[in-house]
Amino acid sequence: MRILVVGAGAVGGYFGGRMLAAGRDVTFLVREKRAQRLAQDGLQIKSPVGDLSLPNPPTVQKQDLQQAYDLVILSCKAYDLADAIDSFAAAVGPDTTILPLLNGMQHLDMLAARFGAEKVLGGQCVIASTVDADGAIRHLNTFHGMTFGERDGTESPRVKAIGQQLAGAGFDVAVSTAILQSMWEKWIMLASLAGSTSLMRSNIGDIMAASGGLEFVNGLLGEASGVAAANGHAPGGPFFERTRKMLTETGSTLTASMFRDIGNGARIEADHIIGDLLRRGREAAVKTDLLQVVYTHLKTYEARLLHQPA
Ligand SMILES: NC(=O)C1=CN([C@@H]2O[C@H](COP(=O)(O)OP(=O)(O)OC[C@H]3O[C@@H](n4cnc5c(N)ncnc54)[C@H](OP(=O)(O)O)[C@@H]3O)[C@@H](O)[C@H]2O)C=CC1
Ligand SMILES: CC(C)(CO)C(=O)C(=O)O
């Protein structure tokens, strides 16, 4: 199976690198600077479950993409999505399947609009990884899983084939018959964690120590869950309880990558993770007051980034 991984960043570099090391036919679609870095230093993964050093990983840039691939794994940030879609379009043929790993949901609609709904799987990954200043992928804990499935919940031959191809490639793989529900649940958790830690400028433990902190996090989780329910994906009881416990744990040092990105002056997925949830909530007349405050806060940060020197 010919696999094109779009982006060799924290997610794509990690999973693509593991697949490559396991002998899968993987090529990374990259932009010029990343291509140069990979040619010079190779793909380096630093991980508590095992480092990898892959000299000369196969890369291609958009102007050289000529053939269709069997599987396109999409791992760009949401703010790069429109550009990435244009970049990998030449790799999508009649039999190509697209497996996106972005957080949020809106990318599914954008991909379906461009390539046809039947080409697009649902997908998500459980990992915490980042790209160091030297270009190496740093895996921050021991979780590394990828889950995907048909959006209509069927167990199609193609998801079985992809599951077989990715199994044994050095990370956990699961084919799901309820991938949209899983994606919504992850979105609820992430929007609540990213929203609260970014707005309150600290970790969950500090928010819990603050007057009104517990009520704020519970309120945000309630709003996000309300939007999901109004969109036909009410969070399951066990998921909700687990998430509520995790997001309200006294002394927890938990933060979201969005909080850390803000600290580093980096770009964030404000529209994809919070703005889109807010929009869907408004359309369904769900209470979204706290989400609105979070969104305004994040958009203010983005406005400030625009006039700060790089
Ligand atoms: N990192 C994590 O722990 C997790 C991330 N996610 C989600 O996964 C998605 C990806 O995140 P992450 O990997 O952290 O992001 P990164 O910024 O680390 O990686 C994204 C990569 O996509 C590349 N890219 C963007 N546009 C193009 C293009 N047109 N052509 C080729 N390459 C392109 C970027 O290239 P360049 O280097 O040129 O900028 C970059 O290397 C996000 O939606 C995120 O929310 C989900 C779970 C965990
Ligand atoms: C799920 C979680 C919290 C794991 O890193 C995440 O995706 C993020 O922080 O952006």
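Quick caveat, the model's predicted, so the values are computed rather than measured.

(A) Here's a closer look at the site of ligand 1. In the neighbourhood of ligand 1, 24 residues make up the surrounding shell, with Ala 10, Val 11, Asn 103, Ser 129 and Glu 269 lying closest. Between ligand 1 and the protein, one listed contact pairs a nitrogen atom with a side-chain N or O atom of Ser 87 at 3.1 Å. Burial of ligand 1 by the protein amounts to 84% of the accessible area it has alone, namely 900 Å². Those elements that place two or more of their residues in the shell around ligand 1 are helix H3 (81–88) and strand E8 (122–131). In terms of residue count, the dominant contributor to the shell around ligand 1 is E8 (five residues).

(B) Structural detail: the UniProt feature "domain: Ketopantoate reductase N-terminal" (unreviewed entry) in the protein. Per the UniProt record, "domain: Ketopantoate reductase N-terminal" (unreviewed entry) is found at residues 3–152. Spanning residues 3–152, this segment combines 25% helix with 33% strand, and its end C-alpha atoms are found 23 Å apart.

(C) Fine view of unusual backbone geometry. With a phi angle near 50°, Asn 56 is a residue other than glycine that sits in the positive phi range. Inspection of the secondary structure puts Asn 56 in the loop between strand E4 (52–54) and strand E5 (59–60). A positive phi angle, near 55°, is found at Ala 285, a position not held by glycine. Relative to the helices and strands, Ala 285 resides in the loop between helix H11 (270–283) and helix H12 (289–306).

(D) Representation of the side chain of Lys 186 in the model. Examined against the element boundaries, Lys 186 turns out to sit in helix H6 (residues 179–200). It turns out Lys 186 is buried and unbridged, and the closest side chain with the opposite charge, Glu 269, is 9.1 Å from it. Those residues in contact with Lys 186 that sit more than four places away from it in its chain are Asn 103, Gln 124 and Cys 125.

(E) Quick look at the site of ligand 2. Every residue near ligand 2 is listed here: Asn 103, Ile 127, Ala 128, Lys 186, Met 189, Leu 190, Leu 193, Ala 256 and Ser 257. For ligand 2, an oxygen atom lies 3.5 Å from a polar atom in the side chain of Asn 103. One of the side-chain N or O atoms of Ser 257 is found 2.5 Å from an oxygen atom in ligand 2. Within the complex, 79% of the 280 Å² of free accessible area of ligand 2 lies under protein.

The rules behind these values
Residues numbered from 1 in each chain as written. Chains lettered and ligands numbered in written order. Predicted model: local features only at pLDDT ≥ 70, side-chain atom pairs only at ≥ 80, totals over all residues. Heavy atoms only, no water. Near = heavy atom within 4 Å. Polar contact = N/O pair within 3.5 Å; in protein donor to acceptor, adjacent residues only side chain to side chain. Areas by Shrake-Rupley, 256 points an atom, 1.4 Å probe, with all protein chains shown as cover. Helix = DSSP H or I, 4+ residues; strand = E, 2+ residues; numbered from the N terminus. UniProt positions renumbered as here; feature names shortened; annotations may be inferred. Buried < 20%, exposed > 50% of the residue type's maximum accessible area, 1.4 Å probe, protein only. Lys, Arg positive; Asp, Glu negative; His and termini not counted. Salt bridge = Lys/Arg side-chain N within 4 Å of Asp/Glu carboxyl O. Contact = heavy atoms within 4.5 Å.

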